[in-house]
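Understanding the architecture of this molecule
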Amino acid sequence: MVPLPQMFAYGLQHVLAMYAGAVAVPIIIAQAMNLPIEDLIRLITADLFTCGIATLIQTIGFGNIGGRIPLIQGVTFASVGPMILIGSQHDMATIYGAIILGGLFTFLVAPFFSRLIRLFPPVVTGTIITIIGINLMPVAVRWLGGGVGNPEFGSITNIALGVATFVIVVLTYRFGKGFFGNLAVLVGLILGTVLAMAVGITNFDEVGRAQWISIIEPFYFGFPKFDFASVVSMIIVMLVVMVETTGDSIAVGEIVDKKIGQKELAAVLRADGLSTMIGGVLNSFPYTAFAQNVGLIAVTRVKSRFVVAMSGVILIVLGLFPKLAAIVACIPNAVLGGAGIAMFGMIIASGIRSLGKVHFDSNYNLMLVAISIGVSMIPMTAPHFYEHFPAGAQIILESGITAGSIVAVLLNMLFNGFGYKSDNDGNTATRKYRHFTRYKGYPKHFYQ
């Protein structure tokens, strides 16, 4: 627990870092469904409000729900394609029916899925953390250029603004002391926005047009409808979400020095399921951990879960008061990109640090890391590579993080056996190992 003023500043830093990603999904869905502007505003405010609730559930927790780790929650992009497909064939009520049942499925299977934690030894977790950072880096690069669809994308002004923000973040991180140094990203975002105003890239006209207060009305689009095929597609999405959440949870655990075992992972996944069900009720979307903020924790070295809980409170306020949300939305993409380069690069560095503890001599670990990272980069380098695959396969394969994580787990099973078990307290247990016959003599130091 840190003092309240510092907690607010750190929490605001997290919100600014994830805001663009948080509002992107409602904008995409509203455009795809040809919704009027008032419904778009409703989707954005509902999303921010539910992001806040989901973050509080995950960070504070109650009972066996919530991992009690600094994970900020946001809408999963894996759900965008299926939601557009469901909406084009049915309506918004059917989308929300599928979301509610998908969340219920996640909540119920969480304790069973968490048993797979034994398939995530250090070589797999280090690989997944590295994959998360690599796959997020293109997001920062697109922001740095001004954002996809921006007619001025790649202009000298945008790139210079992003580089200036990056330099501010680095200098603040290097020379700032204590509390000020930990706010390097927030300082970069604020000063970068001031520079953007000076060169005429951003303005606050939208703030004047935004509403003062927003009311979050449950089931605004009607009582949920349940279509079997739609529900199945959303369950597939939530299986993907569970894989990604597992990787994000382990990544945060590595950074904050908290062991994520079977018990902890089940609590994290239950929070995802519950938050997704709430999202279906409040006209929002499926929720998962936002990998973008994992890098921010590594940069700032502020590991308190209460800081991220404060982010949840801020998100709730932004959802209730659209004028405040509009102020945050005025931060230019180029400024976000300058900060994102540092944040996402830190995720890659954290993965490399984890892999530095893994033995690569006289085993197959080097091949495991190489293939997993290579597979994860396919959709990043060729976005349309899987466009002729079945829709269900595309949901999995078009997420480089998910595809790379699955490959890492499967290769570990092939090369090294079935990893380790965890005891009831989530601690690594070395009691029982099950391997393929040919690996019975596998080097003991692999498990250390």
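Computed from a prediction, not measured in an experiment: that's the story for all the values here.

So, on to the side chain of Thr245. Residue position: Thr245 is located in helix 10 (residues 228-256). The residues contacting Thr245, other than those within four sequence positions of it, are Val268, Leu269, Asp272, Thr288 and Ala289.

Another aspect to go through is the side chain of Asp248. When you line up the elements, Asp248 lands in helix 10. Despite its burial, Asp248 pairs with no opposite charge, the nearest such side chain being Arg353 at 14 Å. Once you skip the residues sitting within four places of it in the chain, Asp248 turns out to touch Leu71, Ile132, Ala289 and Ala291.

Core analysis: the largest hydrophobic core is formed by 114 residues, its most contacted members being Leu48, Met83, Met92, Val185, Leu189, Phe285 and Phe344. Grouped together as the second largest cluster of nonpolar side chains are five residues, Ile57, Ile65, Leu274 and Met277 included.

Enumeration over the complete set of coordinates arrives at six aromatic pairs. Relative to Phe415, the ring of Tyr364 lies with its centre 5.2 Å away and its plane at 25°, an arrangement referred to as stacked. Of this pair, Tyr364 sits in the loop between helix 15 (333-355) and helix 16 (365-376) while Phe415 sits in helix 19 (residues 400-416), and the two are 51 residues apart along the sequence. We classify Phe415 as buried; its relative accessible area is 12%. Between the aromatic rings of Phe385 and Tyr386, the centroid separation amounts to 5.0 Å while the plane-to-plane angle is 85°, which identifies the pairing as edge-to-face. By relative accessible area, Phe385 is classed as partly exposed at 48%. Judged by relative accessible area, which is 7%, Tyr386 ranks as buried.

Turning next to the confidence of the model for the protein chain. When pLDDT is averaged across the protein chain, the result is 81; 89% of the residues are at 70 or more. Mean pLDDT across the elements of the protein chain bottoms out in strand 4 (residues 428-429) (39) and peaks in helix 16 (93). Taken as a whole, residues 420-448 scores under 50 in pLDDT and shows 59 contacts with residues more than four places along the chain or in a different chain.

Another point: unusual backbone geometry. When glycine is set aside, most residues are seen to have a negative phi, and most peptide bonds are trans. With a phi angle near 55°, Arg68 is a residue other than glycine that sits in the positive phi range. With respect to the element layout, Arg68 can be found in the loop between helix 2 (37-59) and strand 1 (73-75). Here the phi dihedral of Phe219 falls at roughly 55°; this positive angle occurs in a residue that is not glycine. Here Phe219 is to be found in the loop between helix 9 (205-209) and helix 10. Since its relative accessible area comes to 30%, Phe219 is described here as partly exposed.

Our next topic: helix 5 (residues 122-145). Here helix 5 contains 24 residues, and its C-alpha end-to-end distance of 36 Å stays within 8% of the 34 Å for a straight helix at 1.5 Å per residue. Of all 24 residues in helix 5, 20 are buried; the element is thus mostly enclosed.

On to the packing of helix 16 against helix 19. Here helix 16 crosses helix 19 at 160°, and the two axes come no closer than 8 Å. One element, helix 16, and the other, helix 19, form an angle in the roughly antiparallel class. Considering only the axes of helix 16 and helix 19, their crossing is right-handed. Facing helix 16, whose interface residues are Asn365, Met367, Leu368, Ile371, Ser372, Val375 and Ser376, helix 19 presents Gly400, Ala403, Gly404, Val407, Ala408, Leu411, Asn412, Phe415 and Asn416. Partitioning the contact of helix 16 with helix 19 into residue classes produces nine nonpolar, seven polar and no charged.

This paragraph deals with the pattern of salt bridges. Evaluated as defined, the whole model comprises two salt bridges. Asp257 is paired through a salt bridge with Lys303; the nearest N and O atoms lie 3.3 Å apart. Here Lys303 lies in the loop between helix 12 (292-300) and helix 13 (305-320) and Asp257 lies in the loop between helix 10 and helix 11 (262-281), a separation of 46 residues in the sequence. Using a relative accessible area of 36% as the deciding quantity, one classes Lys303 as partly exposed.

Cut-offs applied
Residues numbered from 1 in each chain as written. Predicted model: local features only at pLDDT ≥ 70, side-chain atom pairs only at ≥ 80, totals over all residues. Heavy atoms only, no water. Helix = DSSP H or I, 4+ residues; strand = E, 2+ residues; numbered from the N terminus. Contact = heavy atoms within 4.5 Å. Buried < 20%, exposed > 50% of the residue type's maximum accessible area, 1.4 Å probe, protein only. Lys, Arg positive; Asp, Glu negative; His and termini not counted. Salt bridge = Lys/Arg side-chain N within 4 Å of Asp/Glu carboxyl O. Core = buried A, V, L, I, M, F, W, Y, C linked by side-chain atoms within 4.5 Å. Phe/Tyr/Trp six-rings, centres within 6.5 Å; stacked < 30°, edge-to-face > 60°. pLDDT = per-residue confidence, 0-100. Expected span 1.5 Å × (residues − 1). Axes fitted to C-alpha atoms, helices over the stretch in contact; angles between N-to-C directions. Parallel < 35°, antiparallel > 145°, perpendicular 65-115°, else oblique. Left-handed = near helix turned anticlockwise from the far one by under 90°. Nonpolar A, V, L, I, M, F, W, Y, C, P; charged D, E, K, R; others polar.

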